[in-house]
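Each chain, letter by letter, is given below.
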Amino acid sequence: MIDTSTTLLGSRPPIQAVILAALPPLQTVVLEALHQLSNPRGVCYASICELSAETGYSRRSIRRAIKDLIMHRMVEVLERHERDGSQLSNQYSLIGEAI
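Residues numbered from 1 in each chain as written. Predicted model: local features only at pLDDT ≥ 70, side-chain atom pairs only at ≥ 80, totals over all residues. Heavy atoms only, no water.

*Asks:* Can you walk me through the overall build of the protein in this structure?
*Replies:* In terms of regular secondary structure, the protein is built from four helices and three strands. Going residue by residue from the N terminus, the α and β elements of the protein occur as α-α-β-α-α-β-β. Taking the intrachain contacts of the protein between residues at least 6 apart in sequence as the baseline, contacts between residues at least 24 apart amount to 54%. Summing over all exposed atoms, the protein offers an accessible surface of approximately 6,000 Å²; the carbon and sulfur share of this is 53%. (Helix = DSSP H or I, 4+ residues; strand = E, 2+ residues; numbered from the N terminus. Contact = heavy atoms within 4.5 Å. Areas by Shrake-Rupley, 256 points an atom, 1.4 Å probe, with all protein chains shown as cover.)

Next comes the structure, spelled out in structure tokens:
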């Protein structure tokens, strides 16, 4: 589970409190999970199941939060597929001040 009271793991600086205060709790936790799991460029390859396990929210809630984060222009999503057409985990890119 994500602990929002401490800084995020790794060397990534925490997301600005102003940004987090403007979001509902679900979106805040999902954005922090994406941030925590992303590389230094703000790119994350976590699956919906991994984000669900990390946050404690259902897969459906994770999908809804990601749609809201896209709408607020904090996250961009790129669907990834194998050569045979099977889907891989999406690529989530944090954008703007969410990085």
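*Asks:* I keep staring at the confidence of the model for the protein and nothing clicks. Help me out?
*Replies:* Atom-level detail of predicted coordinates should not be read off regions where pLDDT is low. Of all residues in the protein, 82% have pLDDT values of 70 or greater, and the mean over the chain is 85. Predicted confidence is poor over residues 4-10, with pLDDT under 50, and the contacts of this stretch with residues over four places away or in other chains come to eight contacts. (pLDDT = per-residue confidence, 0-100.)

*Asks:* Just checking my understanding: could you explain the sheet that holds strand S1 (residues 43-44) for this structure?
*Replies:* Strands pair in a sheet through their backbones, by hydrogen bonds, and they do so in one of two ways: parallel or antiparallel. With antiparallel pairing, three strands are arranged side by side in an open sheet as S1-S3-S2. At either end of the open sheet lies a strand with only one pairing partner, and these are S1 and strand S2 (75-78). (Pairing = 2+ DSSP bridges.)

*Asks:* When you look at the environment of Thr 55 in this model, what are you seeing that I'm missing?
*Replies:* Relative to the helices and strands, Thr 55 resides in helix H3 (residues 48-55). A relative accessible area of 4% means that Thr 55 is categorised as buried. A distance of 2.9 Å separates the side chain of Thr 55 from the backbone oxygen of Leu 51, its partner in a polar contact. (Buried < 20%, exposed > 50% of the residue type's maximum accessible area, 1.4 Å probe, protein only. Polar contact = N/O pair within 3.5 Å; in protein donor to acceptor, adjacent residues only side chain to side chain.)

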